[in-house]
Amino acid sequence: MKFLIPALAAVATFAAQAASPATPEQAELRAECAKSYSDTSSAAMPMAANEYQFVYSGGKYKGEARPGKLLPCTEQQYVAYLDNKADPSKVMAAYPTAAGRPTAKKKAQ
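This write-up is about the structure you can find in this document. (Residues numbered from 1 in each chain as written. Predicted model: local features only at pLDDT ≥ 70, side-chain atom pairs only at ≥ 80, totals over all residues. Heavy atoms only, no water.)

### Quick notes on helix α2 (residues 24-36)
For α2, spanning 13 residues, the distance from its first C-alpha to its last is 18 Å, which sits close to the expected 18 Å at 1.5 Å a residue. Among the residues making up α2, those that are buried are Q26, L29, E32, C33 and A34. (Helix = DSSP H or I, 4+ residues; strand = E, 2+ residues; numbered from the N terminus. Expected span 1.5 Å × (residues − 1). Buried < 20%, exposed > 50% of the residue type's maximum accessible area, 1.4 Å probe, protein only.)

Structure, rendered in structure tokens:
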């Protein structure tokens, strides 16, 4: 029982580190990805104080749109951004060995 609490704390710490970008270069790429998808992640028209606007991408919930706030990219959007739009030198700086770089999952045939 006395090992349960430190083990849970270690798992929670690991999960928090895995959820956030590991390096400033990766955070910069995620921010650029969010800017590239800004047309789908920002509120189109002014909203009342009690009005909510939820954003979905490909049937998956992305978050609540607020004026002036960008929503983060989904993993599929981020992979597509890295593969197609991002500057290759920035991608290599963020993922020098390609270890940990998100990739598109291939469908089984």
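There's plenty left to go through after this.
### Quick word on the state of the cysteines
What the rule picks out here adds up to one disulfide. The side chain of C33 participates in a disulfide bridge whose partner is C73; the two sulfur atoms lie 2.1 Å from each other. Given an S-S torsion of about -120°, the disulfide between C33 and C73 has left-handed geometry. Here C33 is found in helix α2, whereas its partner C73 is found in the loop between β2 (60-64) and α4 (75-85), with 40 residues between them in sequence. The burial state of C33 is the same as that of C73; both residues are buried. (Disulfide = S-S within 2.5 Å.)

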